[in-house]
Structures are given as C-alpha cells and as structure tokens.
Amino acid sequence: ANVLNNMGVLYSETGQDPDRAAGWFGRSLAIRRAAGDDAAVLASHKNIANLWLGASRLDEATNAVREYVAAAERIGAPQDRVDALLLQGDVALA
C-alpha cells in the first residue's frame, strides 16, 4: 500500500497527471482499509483531498475532503479531526 501511495505522491507532486495520481491513491486506500490501518487510511484521504485541491478541481476536492472529515471523525484522534476540518476550510475558501 505504501508503494502505491508513493506513486500517487510522485504524480501529484510533479503535477503530471492528477487522475493517475488519484488512481494510485485509491488503490492504496483500499488496501489500507482492508488491513485496518487507520492512520494510513487517514493519510490516503488527506492525500486525495490535497491532490484535487492542488489541481483546482474543487468538486472532487469537496467530495474527497468530506470523506476525509468523516473518516477522521470515525477513526481519528482529536488532532486528525482538526487537520481534516482545517483542510475542509481550505477547500471551502478555494
């Protein structure tokens, strides 16, 4: 799952192909969910939301950050919830 996530980061940070980055992140997220790795699940949600925000694809960013906030409320620590809500604010202001 980490290798898939890293491929998403590579595509995301180089600004190459956000759709391809989302695919890598999505595959990583599925594995992390199946493994029950809550911290990694939250990281994947955060990566996807940041990807779409950075690509100025606000509909996708809004959906992704909504999923991130829901996951943080369900499985995260207080700091995870704060981080998710701050990112939700960034998306709302974009």
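As a reminder, the structure under discussion sits directly above these lines.
Here the residue index of a chain counts from 1 through its sequence in written order. Local features in a predicted model are, by the rule used here, given only for residues with pLDDT of at least 70; side-chain atom pairs are given and counted only at 80 or more, and totals for whole chains, interfaces and linings are based on all residues. Hydrogen atoms and water are omitted, and side-chain values are computed over all heavy atoms in the structure.

**Q** Explain the overall build of the protein chain to me, and be specific about the residues and the numbers.
**A** Helix numbers and strand numbers start at the N terminus; a helix is a DSSP run of H or I with at least 4 residues, a strand a run of E with at least 2. Scanning the protein chain for helices and strands turns up five helices and zero strands. Counting from the amino terminus, helix and strand elements in the protein chain follow one another as α-α-α-α-α. Throughout this description, buried means an accessible area under 20% of the type-specific maximum (1.4 Å probe, protein chains only), exposed means over 50%, and partly exposed covers the range between. In the protein chain, which comprises 94 residues, the share counted as buried stands at 32%. Surface accessibility follows the Shrake-Rupley procedure with a 1.4 Å probe radius. Residue values consider only the protein chains on display as shielding. A total accessible area of about 5300 Å² is found for the protein chain, and carbon and sulfur atoms account for 52% of it. The charged-residue count follows a simple rule in which Lys and Arg add positive charge and Asp and Glu add negative charge, with His and chain termini not counted at all. Working definition for charges: the position is that of NZ of Lys, CZ of Arg, CG of Asp or CD of Glu. One way to put it: in the protein chain the 9 positive side-chain charges average out to a point 4 Å from where the 12 negative ones average out.

**Q** Break down the pattern of salt bridges for me, with residues and values.
**A** Any Lys or Arg side-chain nitrogen found within 4 Å of a carboxyl oxygen on Asp or Glu counts as a salt bridge. As enumerated under the stated definition, the model contains two salt bridges in all. Across the salt bridge formed by Asp19 and Arg57, the nearest N and O atoms sit 3.0 Å from each other. In this pair, Asp19 is assigned in helix α2 (residues 18-35) and Arg57 in the loop between α3 (38-54) and α4 (58-75), connecting sequence segments 38 residues apart. The class of Arg57 is partly exposed, set by a relative accessible area of 25%. When the shortest N-O distance is used, the salt bridge between Arg57 and Glu60 registers 3.0 Å. One salt-bridge network, in which partners are shared between bridges, spans Asp19, Arg57 and Glu60.

The analysis is restricted to geometry; functional conclusions fall outside its scope.
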